[in-house]
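Survey of secondary and tertiary structure
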Amino acid sequence: MRGPAGLPLVAVLALAAAAAVVMVVEARFVVEKNSLMVTSPTSLRGRHDSAIGNFGVPQYGGSMAGTVVYPKDNADACEAYDGDRHFRAKPGALPNFLLIDRGNCLFAKKVWNAQNAGASAVLVVDDKDEPLITMDLPREDDEAAKYIQNITIPSALIDKKFGEQLKKAIKDGEMVNVNLDWREAVPHPDDRVEYELWTNSNDECGPKCDMLMNFLKEFKGAAQLLEKGGYSQFTPHYITWYCPQAFVVSKQCKSQCINHGRYCAPDPEQDFSTGYEGKDVVVENLRQLCVFQVAKESKKPWIWWDYVTDFHIRCPMKDKKYNKKCAETVIKSLGLDVKKVDKCMGDPNADSDHPLLKMEQDAQIGKGSRGDVTILPTLVVNNRQYRGKLERKAVLKAICAGFEETTEPNVCLSDEMETNECLNDNGGCWQDKAANVTACRDTFRGRVCECPTFNGVQFKGDGYSNCEPAGPGKCLINHGGCWHETRNGKTFSACQESGNGKCQCPAGFRGDGVKKCEDINECKEKKACQCPECSCRDTWGDYECTCSGDLLYIKEHDTCISKTAVQGKAAWAAVWGILIVLVVVAAGSYVVYKYRLRSYMDSEIRAIMAQYMPLDSQGEVPNHTNDEEHH
């Protein structure tokens, strides 16, 4: 039995307990494999299949040789191993591949404990005779999140029979050497790679959502370089489910589906009574598909990466901005036509198929060597599902492995390439053309919109629609974004270096200080020049006040006084000034006279006394009387 879109995997919305029920019909899940070659002992030499784990970092395009080690204790690796790097290989020896048993805990926890113990790779032995399966996380929880985010070694599942043979050889004292080979895990027929990402706009679904959003931001730069250079053809996809006809009118289907139950997504919070609904996610998924279509029509399909990363930053669910208004702000900032996107989306309430979403449901069915898409997120490279950690370098290695040898582009060889997105429409970031300041900054991961530091002045804001100078010196940069105007060589500004930092109209003006400040007519509003003898004339930013007759205007007191009084005061001020100068001169002369007189008298007295007795400061005066008597 198949649903309206012919899907092999259908998620339906049940009425019981308002929970989602999943109905699986003829699912064809393809397990992605790598080759495992045993090189010793001779009795086991040969090639075997192993299923690549859906976490960690498989060495796509390469191979790894190692020695298999089976632990005597803690064979299932569900507990941390004692000692520091217990299974780390000795210098000069092959890396150790830890052979562990399936069961009792998460696959990811086993690999995490093995990695911490120094293992270079992990082989998990199945505990039942069955076809190989893909090791993944059966549930989303905090325990699993800390493992999948930090596992950096490859892992694979091997069948029970082969695993028992390896265990016996190790128990018998044989050296078991194997070679894990990922070179054929991704087809590499030519100089262009086709890849697709099955994703979701929901950002509140736990660790996998966080991992997906981080990957989109980190991988954006490399993806755009590949696309702009013609090295790749990327297509985004979104998984949707349908609601069976019998439940279309139910509350659960109406809250989680659009187009009368044809396209559905689970409730983000798994709570129908609060927060966003599943249909909100479907609508945004459709919008992101349409953004890709419109960008593709304009020969710039790589803009999709900018939209999804900017939308996640600017319109998150946690801030209650996951809506059409915020999305359209992002679309406009990237230079796309909002009307074209709306036309592409159509009416979500229409009782008919939507061409784009129907194609998405059909594409979920596996074709050729690619199986059905059942894991979210899923990356498909050259029609082969990628297995491993969704992380920039690991994914880039897998994509680069899809190029025919010697045709790899530079982005596969260097991490330090810039995307130069800021050259086109400033990357959709904030810009002040007058001051030549921009928030757009190119990195090898793609452009980022961050308010800059310019000429020692730090700008603050969201980097997309707003950046304002802050702190000392901000008024030097376009007047801090505040109102300013110059007339007849005279400039007024609402920017304030001190205070609360807000724009405030200067004296003589009123307004918001940002967009406008209007000149106050002090004369008309009777704010100045109110004395009976005053005559007022308004000027820009100020006023002039004159007095009748021989009166003079005193601005500080807003009054007029007689010129005679002013002149009399001025004359008396001059007289007092002269008297003060004379007194100062006389006092100074007297001090000088006293000093010189005292110095003269001191020198005369010392000269007279020196004739009668030596002073302390003189040596003894020679007596020549006796000298004369001896001659």
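Values in this document were obtained by computation on a predicted structure and should not be read as measured data. Chains are numbered independently. Their residues run from 1 in the order of the written sequence. Under the rules for a predicted model, residues below a pLDDT of 70 receive no local features and side-chain atom pairs below 80 are neither given nor counted, while totals for whole chains, interfaces and linings still include all residues. Note: side-chain values were computed over all heavy atoms of the structure, leaving out hydrogens and water.

Observations regarding the overall build of the protein chain
What counts here: Helix and strand definitions here come from DSSP, where helices need a minimum of 4 consecutive H or I residues and strands a minimum of 2 consecutive E residues; each element is numbered from the N-terminal end. When checking whether two residues touch, look at their non-hydrogen atoms; a contact exists if any pair is within 4.5 Å.
Scanning the protein chain for helices and strands turns up 13 helices and 30 strands. Sequence-distant contacts, at least 24 apart, represent 62% of the contacts inside the protein chain between residues at least 6 apart.

Things to note about unusual backbone geometry
As a reminder, the rule being used: Here the term buried applies to any residue with accessible area under 20% of the maximum for its type, exposed to any over 50%, and partly exposed to those in between, with areas from a 1.4 Å probe on protein chains only.
Between S40 and the following residue, P41, the backbone shows a cis peptide bond with an omega angle of 5°. Positive phi is not limited to glycine here, since N104 has a value of about 75°. Take N104: it is sitting in the loop between strand 6 (96-101) and helix 1 (107-116). Located in the positive-phi region is N455, a residue other than glycine, with phi close to 55°. Considering the arrangement of structural elements, one finds N455 in the loop between strand 20 (453-454) and strand 21 (457-460). Its relative accessible area of 63% is what places N455 among the exposed residues.

Brief notes about the UniProt feature "domain: Complement Clr-like EGF" (unreviewed entry) in the protein chain
For the record, the criterion: UniProt positions are given in the numbering used here, feature names are shortened, and annotations may be inferred rather than shown by experiment.
Here, UniProt's "domain: Complement Clr-like EGF" (unreviewed entry) annotation points to residues 502-522. What you have in residues 502-522 is 0% helix and 19% strand, and the ends, taken at the C-alpha atoms, are 25 Å apart.

Considering the pairing of strand 11 (residues 232-238)
Note the cut-off: When DSSP finds two or more bridges between a pair of strands, those strands are recorded as paired. When the strands point away from the viewer, a crossover counts as right-handed if the route from the first strand across the helix to the second turns clockwise.
For strand 11, the buried fraction is high: five of the seven residues fall into the buried class. When strand 10 (residues 193-199) meets strand 11, the two strands line up parallel, connected through seven bridges. Within the sheet, the bridge partner assigned to W198 lies in strand 11 and is H237. In this fold, strand 10 hands off to helix 4 (residues 207-228), which returns the chain to strand 11; that crossover is right-handed.

Concerning the state of the cysteines
Quick note on the threshold: In what follows, a disulfide is any cysteine sulfur pair within 2.5 Å.
In this structure the tally under the stated criterion is 15 disulfides. Two residues share a disulfide in this structure: C422 and C440, whose sulfurs sit 2.0 Å from each other. Looking down the S-S bond of the C422 and C440 bridge, the torsion is -85°, so its handedness is left-handed. Within this pair, whereas C422 is found in the loop between helix 11 (392-400) and strand 16 (431-432), its partner C440 is found in strand 18 (residues 440-441), the two being separated by 18 residues in sequence. A relative accessible area of 10% means that C440 is categorised as buried. One disulfide bridge connects C475 with C495, the sulfur atoms lying 2.0 Å from each other. Here the S-S torsion is close to -90°, and the disulfide linking C475 with C495 is therefore left-handed. In this pair, C475 is assigned in the loop between strand 22 (468-470) and strand 23 (484-487) and C495 in the loop between strand 24 (490-493) and strand 25 (509-510), connecting sequence segments 20 residues apart. Assessed through its relative accessible area of 14%, C495 is described here as buried.

Brief notes about the packing of helix 6 (residues 278-297) against helix 9 (residues 338-345)
Counted only if it meets this: Between N-to-C directions, angles span 0 to 180 degrees; the directions come from axes that are lines fitted to C-alpha atoms, helices contributing only their stretch in contact. Should an angle fall under 35 degrees it is called roughly parallel, over 145 degrees roughly antiparallel, and 65 to 115 degrees roughly perpendicular, with every other angle called oblique. With the far helix as reference, a near helix turned anticlockwise by less than a right angle produces a left-handed crossing, and one turned clockwise produces a right-handed crossing. Under the convention adopted here, Pro, Cys and the residues Ala, Val, Leu, Ile, Met, Phe, Trp and Tyr are nonpolar, Asp, Glu, Lys and Arg are charged, and Gly plus all remaining residues are polar.
Between helix 6 and helix 9, the least distance of the axes is 9 Å, while the angle of their chain directions is 125°. What the angle tells us is that helix 6 and helix 9 run oblique. Considering the relative orientation of helix 6 and helix 9, their crossing is right-handed. Of the residues in helix 9, those in contact with V283, L286, R287, C290, V291 and V294 of helix 6 are K340, V341, C344 and M345. Here the residues of the contact of helix 6 with helix 9 are counted per class, giving eight nonpolar, no polar and two charged.

Points about a negative patch on the surface
For the record, the criterion: Residues enter patches when their relative accessible area tops 30% and they take part in no salt bridge; the joining distance is 9 Å for like charges and 5 Å for the nonpolar side chains Val, Leu, Ile, Met, Phe, Trp and Tyr. Every accessible area reported is derived by Shrake-Rupley at a probe size of 1.4 Å, with residue values counting cover from the shown protein chains alone. Each salt bridge in this description consists of a side-chain nitrogen of Lys or Arg and a carboxyl oxygen of Asp or Glu lying within 4 Å of one another. Only four residue types enter the charge count: Lys and Arg as positive, Asp and Glu as negative, with His and the chain ends excluded. Taken as the charge location is NZ of Lys, CZ of Arg, CG of Asp or CD of Glu.
Judged by side-chain charge, D190, D191, E404, E405 and E408 come together as a negatively charged surface patch. Within the secondary structure, D190 is located in the loop between strand 9 (177-181) and strand 10.

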